[in-house]
Amino acid sequence: MKKLLLFCIIMISAVYSAQPFTLKSTGEAKEFSLTLYYGAQGKGAFVQYSGKKEIIPLQVKSFKVDTDGRSDGQPDIEYYVWNEMVGGKINGVYKFEIMQHQASNISYTRGKDNRKFTLEMVEDEKKYDGSGKYLLHGALLSFNHFYNNNLTITYSDRKKTAIELPAPDKPSFVRQSIIEDYNFDGYDDIAFSVPDEGMGVYRMFDIYLYNPGSKRFEKLKEPDYSRSSCSCLCDVTIEKDKKLLKTGCRGGARWHQDVYRFGKNGILEWIATKEQTEE
């Protein structure tokens, strides 16, 4: 039960730390505002200025987490720096800090004259509607963490793909989104996960791989589970240096981990299974 409670806390924290932020300028004769969208580690980020349809991609320049106060019960501080990209060139730099879902020390430095603009977080009195958006490889991905199961991908050629994601089994659980290079081809992919339908102790994944040839996202085909302990893409993690994809699940009092490698045809191939007794 303690693990389940911790799991729920982690999931909710992951959602709210990456929700969009509305920011406004301070000390300017003509005030302006914008919305900043981003995912874990600052990936998939972009900004959209109020009154404008255009979205401006942000490229992660640096990301770090200060955990110095964790041993004393203090929250972590996340530091983000993004390059604003216009026409494939750096147009400016955004800096952003967040602690306990509160943003601070926010600035934008304009590239052409190095002028620095100070920004502040706008407190929204409305209840967060669960919406999330990422910009990956020129495609806009729109989804919701808990109120609906719709994923819409709008590509740079304006064509759209509508996908229905698996629904969380319980209303109190939320959908998590992860940006990661799951097949180790140098291009970030997108994954969505929801707790399993049992005790909710592990997460079920749907992974969409980016195909640089077609410039489309394609759902990862599940592997042959005949030799695996877990018959699902669950609790997915990757080991970048060895190019391994791992899944994990629980059966009785044991946790199982299956290890896969991508074959030449891009299909996941089972390598090994490990087991450990739950503590």
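Everything below is about the structure shown above.
Remember, it's a predicted structure, so these values are computed and weren't measured experimentally. (Residues numbered from 1 in each chain as written. Predicted model: local features only at pLDDT ≥ 70, side-chain atom pairs only at ≥ 80, totals over all residues. Heavy atoms only, no water.)

Chemist: Any chance you could explain the overall build of the protein chain here in plain terms?
Modeler: Helix and strand counts for the protein chain stand at one helix and 20 strands. Per-residue burial over the protein chain gives 43% buried out of 279 residues. Sequence separation of 24 or more characterises 38% of the internal contacts of the protein chain that already satisfy a separation of 6 or more. Of the roughly 16,000 Å² of accessible surface on the protein chain, 48% is carried by carbon and sulfur atoms. (Helix = DSSP H or I, 4+ residues; strand = E, 2+ residues; numbered from the N terminus. Buried < 20%, exposed > 50% of the residue type's maximum accessible area, 1.4 Å probe, protein only. Contact = heavy atoms within 4.5 Å. Areas by Shrake-Rupley, 256 points an atom, 1.4 Å probe, with all protein chains shown as cover.)

Chemist: Is there a simple way to explain the environment of I238 in this structure?
Modeler: Mapped onto the fold, I238 is located in strand 17 (residues 237-239). Under the relative-accessibility criterion, I238 is labelled partly exposed at 21%. Taking C-alpha positions, I238 is 9.5 Å from Y260, a pair spaced 22 residues apart along the chain. When near neighbours in sequence (up to four residues on either side) are disregarded, I238 contacts E180, D181, Y182, F184, L244 and L245.

Chemist: So what exactly am I meant to see when it comes to the packing of aromatic side chains here?
Modeler: The description of an aromatic ring pair rests on the distance of the ring centres and on the angle between the ring planes. Counting across every chain of the model gives 20 aromatic pairs. Ring-pair connections join several aromatic residues into one group, and the members of that group are F21, Y38, F63, Y80, W82 and F96. It is K64 that lies over the ring of Y79; its NZ or CZ is 5.3 Å from the centre. Its guanidinium or amino end placed over the ring of Y155, R216 lies 4.1 Å from that ring's centre, counting from NZ or CZ. (Phe/Tyr/Trp six-rings, centres within 6.5 Å; stacked < 30°, edge-to-face > 60°. Lys NZ or Arg CZ within 6 Å of the ring centre and 35° of its normal.)

Chemist: Could you clarify how one ought to interpret the nonpolar core in this entry?
Modeler: One recurring pattern in soluble globular proteins: nonpolar side chains tend to sit buried together. In terms of nonpolar packing, the biggest core is built from 20 residues, with F21, L23, L36, Y38, W82, Y94 and F96 touching the most fellow members. If you list the elements that add at least two residues to this core, you get strand 1 (21-25), strand 2 (33-37), strand 4 (56-66), strand 5 (77-86), strand 6 (89-99), strand 7 (102-110) and strand 8 (116-121). For F21, the contacting residues outside a window of four places in its chain are L34, T35, L36, Y38, F96, I98, H101, A103 and M121. (Core = buried A, V, L, I, M, F, W, Y, C linked by side-chain atoms within 4.5 Å.)

Chemist: Teacher, can you tell me more about the sheet that holds strand 5 here?
Modeler: The strands making up a sheet are joined through hydrogen bonds of the backbone, oriented either antiparallel or parallel. On the basis of which strands lie adjacent, the closed barrel formed by eight strands has the order 1-2-3-4-5-6-7-8 and antiparallel pairing. Direction aside, the axes of adjacent strands within the sheet are offset by 30 degrees on average. Pairing of strand 1 with strand 8 involves three bridges; the strand directions are antiparallel. Each residue of the ladder has a partner; that of S25, found in strand 8, is L119. (Pairing = 2+ DSSP bridges. Axes fitted to C-alpha atoms, helices over the stretch in contact; angles between N-to-C directions.)

Chemist: Would you explain the state of the cysteines in this entry?
Modeler: Covalent bonding between the sulfur atoms of two cysteines defines a disulfide. Taken as a whole and judged by the stated rule, the model has two disulfides. Through a disulfide, C230 is tied to C249; the S-S separation comes to 2.1 Å. Negative torsions about the S-S bond denote left-handed disulfides, and the value of about -95 degrees found for C230 with C249 makes this one left-handed. Of this pair, C230 sits in the loop between strand 16 (216-219) and strand 17 while C249 is found in strand 18 (residues 244-251), placing the two residues 19 residues apart along the sequence. When its relative accessible area of 1% is taken as the criterion, C230 is described as buried. (Disulfide = S-S within 2.5 Å.)

Chemist: I tried to follow the pairing of strand 1 on my own but got confused; where do I start?
Modeler: Two faces make up the sheet, and in a regular strand the side chains alternate between them. Burial along strand 1 is one-sided: the residues F21, L23 and S25 are buried and none of T22 and K24 is. When strand 1 meets strand 2, the two strands line up antiparallel, connected through four bridges. What sits directly across from L23, in strand 2, is L34.

Chemist: Honestly, the pattern of salt bridges in this entry has me stumped. Any pointers?
Modeler: Opposite charge on two side chains lets them pair, provided their charged atoms get close. The final tally for this structure, using the stated rule, is 10 salt bridges. We note a salt bridge from K24 to E120, for which the minimum N-O separation is 3.6 Å. With a gap of 96 residues between them, K24 in strand 1 and E120 in strand 8 connect regions that are remote in the sequence. Across the pair R115 and E28 runs a salt bridge, and its minimum N-O distance is 2.7 Å. (Salt bridge = Lys/Arg side-chain N within 4 Å of Asp/Glu carboxyl O.)

Chemist: Any chance you could explain unusual backbone geometry here in plain terms?
Modeler: Note: most peptide bonds trans; most residues except glycine with negative phi. With a phi angle near 50 degrees, Q100 is a residue other than glycine that sits in the positive phi range. Overall, the relative accessible area of 58% leaves Q100 in the exposed class. Unlike most non-glycine residues, N105 shows phi in positive territory, near 50 degrees. Looking at where N105 falls in the secondary structure, it is placed in strand 7.

Chemist: I tried to follow the pairing of strand 14 (residues 189-195) on my own but got confused; where do I start?
Modeler: Counting buried residues along strand 14, seven of its seven residues qualify, which places the element largely inside the surrounding structure. A two-sided burial pattern is seen for strand 14, the buried positions comprising D189, A191, S193 and P195 on one face and I190, F192 and V194 on the other. In the sheet, strand 13 (residues 176-180) pairs with strand 14 via five bridges, with the strands oriented antiparallel. Its bridge partner lying in strand 14, Q176 is registered against S193. Judged from the six bridges that link them, strand 14 and strand 15 (residues 203-211) form a sheet pairing that is antiparallel. Opposite V194, over in strand 15, you have M204 as the bridge partner.

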